[in-house]
Amino acid sequence: PSIQQHNSLPCLPPRRKKPASTPRARRPRIRTAKPASRELLLLTSMAALSAKVIQNAFLAQDGPRTRHNPRYTCDFCALNTRSMHSVQGCRLSLADTSAKWLNTTSTAWISFGKQGNISCNATQGASDVLSIDKVDFLKLQNGSDIRGVAIAGVEGEPVNLTELVAEAIAAAFAAWLLNKKKADGLRRLRISVGHDSRISAHKLQNAITHGITAAGHDVLQFGLASTPAMFNSTLTKDAINHCPADGGIMITASHLPYNRNGFKFFTSDGGLNKTDIKDILERASRVYEESAHCGKQEQTGVVTHVDYMSIYASDLVQAVLKSAGNKEKPLEGLHIVVDAGNGAGGFFVG
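Residues numbered from 1 in each chain as written. Predicted model: local features only at pLDDT ≥ 70, side-chain atom pairs only at ≥ 80, totals over all residues. Heavy atoms only, no water.

**Here we look at the overall build of the chain**
Working step 1: For the chain, the helix and strand inventory stands at 7 helices and 12 strands.
Working step 2: A total of 350 residues make up the chain; the buried ones form 38% of that total.
Working step 3: For the chain, contacts bridging at least 24 residues in sequence account for 73% of all contacts bridging at least 6.
Working step 4: Summed over its atoms, the accessible surface of the chain is roughly 21900 Å², and 52% of this surface lies on carbon and sulfur atoms. (Helix = DSSP H or I, 4+ residues; strand = E, 2+ residues; numbered from the N terminus. Buried < 20%, exposed > 50% of the residue type's maximum accessible area, 1.4 Å probe, protein only. Contact = heavy atoms within 4.5 Å. Areas by Shrake-Rupley, 256 points an atom, 1.4 Å probe, with all protein chains shown as cover.)

Rendered as structure tokens:
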């Protein structure tokens, strides 16, 4: 139910005075943990009212840290949805005097009992450790590409290409690229990022962008783009549009089903090989583990949105005109059928 003020909620009834009775033998006292706050009582009441069961959910405002989850300050607690694939945007906010649900669907709790856990996102000391899922990064390698499951919904295919994983891979690519160019740590790279039309594209683009900018490098966001365009962005000389890029990342999984996605990487020398991808994934694994200790890093890089596909399409037109002997309209009179196979190129045929 939608509740505006928790003060109006039915709380526990006032404790009644026990009538005088014959003294009985005293039972041994069992100490129980006191509720951390009135908000915790409210949380419990709301869960009971919704007739759902929340398993393995622990909130503690005061008390010792456990070795499983040392993040215990409850100034702001958020439902951890990294492993809750059916829950999107589920948030629970606990303030000093109020509690309310944000963007929570009633069906979200069906799988919460099995998959969910509650973690606190309050700022902690440098020694705090975030709870993150273990990931075998090398299993994401598919030849000279990276491929994984980015969308839940297919039985037997758990999500392993999460936003946190994408951030780590992006930071690792930036470090690899810096090493390849034999540049010192002060060099700011410029990396182009584009994606195809998959439904997981935007969240992965944002994660890739964060991973690069948090590492101190700049991002050129192209949005919807084609794979050849991403390679071409490392060759184009256009200072106004910040090209050429030092490297490019295409977010795509080629012909694979809708729930998959992945990354292709480019430099001005072309696409990366298998050895390069393995190196990047090993670096990403270390970045991912270190992020558990450091948390979110401040974004110091700059993000620039560039309409690169217009530049690329214009270059293609000029290439066709040149190969046709510089005729003004070499395709005039022709009837051309295009099957883009659900690829991004289909959006730019005109």
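On we go from here.
**Section: helix H7 (residues 308-323)**
Working step 1: Between its terminal C-alpha atoms H7 stretches 23 Å, which fits the 22 Å expected from 16 residues at 1.5 Å a residue.
Working step 2: Next to the buried residues of H7 lie strand S8 (218-224) and helix H5 (227-232).
Working step 3: Two residues or fewer after H7 comes Gly 325, characterised by a positive phi angle close to 80°. (Expected span 1.5 Å × (residues − 1).)

**A short note on the pattern of salt bridges**
Working step 1: Within this structure, the stated rule accounts for 9 salt bridges.
Working step 2: Where Glu 289 meets Lys 134, a salt bridge forms, and the shortest distance between an N and an O atom there is 3.8 Å. Linking Glu 289 in helix H6 (residues 274-294) with Lys 134 in the loop between strand S4 (117-120) and strand S5 (141-142), this pair joins segments that are 155 residues apart in sequence.
Working step 3: The partner of Asp 269 in a salt bridge is Lys 180, with the nearest N and O atoms 3.7 Å apart. Of the two residues, Asp 269 is situated in the loop between strand S10 (260-267) and strand S11 (270-271) and Lys 180 in helix H3 (residues 163-180); the sequence distance between them amounts to 89 residues.
Working step 4: Taken together, the shared-partner salt bridges in this structure form one network comprising Asp 145, Arg 147 and Lys 264. (Salt bridge = Lys/Arg side-chain N within 4 Å of Asp/Glu carboxyl O.)

**Examining unusual backbone geometry**
Working step 1: Each neighbour pair has its own omega, and for Cys 243 with Pro 244 the value is 10°, a cis peptide bond.
Working step 2: The residue Pro 244 is located in the loop between H5 and strand S9 (247-251) in this model.
Working step 3: Positioned with a positive phi, Ser 254 is a non-glycine residue whose angle comes to about 55°.
Working step 4: Mapped onto the secondary structure, Ser 254 falls in the loop between S9 and S10.
Working step 5: For Ser 254, a relative accessible area of 45% gives the class partly exposed.
Working step 6: Phi is positive for Asn 326, close to 60°, though the residue is something other than glycine.
Working step 7: With respect to the helices and strands, the residue Asn 326 is situated in the segment after H7.
Working step 8: Here Asn 326 falls in the exposed class, since its relative accessible area comes to 61%.

**Describing the packing of aromatic side chains**
Working step 1: Throughout the structure, instances matching the rule amount to 7 aromatic pairs.
Working step 2: Linked through ring pairs, Phe 173, Trp 176, Phe 263 and Phe 265 together constitute an aromatic cluster. (Phe/Tyr/Trp six-rings, centres within 6.5 Å; stacked < 30°, edge-to-face > 60°.)

**Remarks on the side chain of Thr 213**
Working step 1: Along the polypeptide, Thr 213 turns up in helix H4 (residues 201-214).
Working step 2: Residue classification places Thr 213 among the buried residues on the basis of a relative accessible area of 0%.
Working step 3: Apart from the residues lying within four places of it in its own chain, the contact partners of Thr 213 are Val 219, Glu 298, Gln 299, Thr 300, Gly 301, Val 302 and Val 303.

**Section: the packing of H3 against H4**
Working step 1: Where H3 meets H4, the closest approach of the two axes is 7 Å, and the angle between their N-to-C directions is 45°. With respect to H4, the element H3 is oriented oblique. The chirality of how H3 crosses H4 is right-handed. The residues of H4 that touch H3, namely those facing Glu 163, Ala 166, Glu 167, Ala 170 and Ala 171, are Lys 203, Leu 204, Ala 207, Ile 208, His 210, Gly 211 and Ile 212.
Working step 2: Per-class residue counts for the contact of H3 with H4 are 7 nonpolar, 2 polar and 3 charged. (Axes fitted to C-alpha atoms, helices over the stretch in contact; angles between N-to-C directions. Parallel < 35°, antiparallel > 145°, perpendicular 65-115°, else oblique. Left-handed = near helix turned anticlockwise from the far one by under 90°. Nonpolar A, V, L, I, M, F, W, Y, C, P; charged D, E, K, R; others polar.)

**Focus on the nonpolar core**
Working step 1: Grouped together as the largest cluster of nonpolar side chains are 34 residues, with contacts concentrated most on Phe 137, Ile 169, Phe 173, Ile 208, Phe 263 and Phe 265.
Working step 2: If you list the elements that add at least two residues to this core, you get H3, strand S7 (190-195), H4, S9, S10 and H6.
Working step 3: Here the element with the most residues in this core is H3; it accounts for 11 residues.
Working step 4: Contact partners of Ile 208, with chain neighbours within four places excluded, come to Ala 166, Ala 170, Val 193, Ile 249, Ile 251 and Phe 263. (Core = buried A, V, L, I, M, F, W, Y, C linked by side-chain atoms within 4.5 Å.)

**Some words on the pairing of S8**
The side chains of a regular strand alternate between the sheet's two faces.
Working step 1: Of all 7 residues in S8, 6 are buried; the element is thus mostly enclosed.
Working step 2: As defined by bridge partners, S7 adjoins S8 across 6 bridges and the pair is classed as parallel. Considered in S8, the bridge of His 195 is made with Leu 224.
Working step 3: Two strands pair when backbone bridges link them, and S8 and strand S12 (residues 303-305) are joined in this way by 3 bridges, in the parallel orientation. Pairing of Leu 220 across the sheet is with Thr 304, part of S12. (Pairing = 2+ DSSP bridges.)

**Brief notes about the confidence of the model for the chain**
Working step 1: Averaged over all residues, the pLDDT of the chain is 74; the fraction at 70 or higher stands at 61%.
Working step 2: Taken together, the stretch residues 1-12 has pLDDT below 50 and engages in 12 contacts with residues farther than four places along the chain or on a different chain.
Working step 3: The model gives residues 39-129 a pLDDT under 50, and that stretch makes 133 contacts with residues more than four places away or in other chains. (pLDDT = per-residue confidence, 0-100.)

**Some thoughts on the side chain of Thr 252**
Working step 1: Here Thr 252 shows up in the loop between S9 and S10.
Working step 2: Residue contacts for Thr 252: discarding those within four places in its chain leaves Arg 147, Asp 196, Arg 198, Thr 227, Asn 261, Gly 262, Phe 263 and Lys 264.

**A word on a nonpolar patch on the surface**
Working step 1: On the surface, Val 320, Leu 331, Leu 334, Ile 336, Val 338 and Val 349 cluster together into a nonpolar patch covering about 550 Å² of accessible area.
Working step 2: Along the chain, the position of Ile 336 falls in the segment after H7. (Patch = residues over 30% accessible without salt bridge, like charges linked within 9 Å, V, L, I, M, F, W, Y side chains within 5 Å.)

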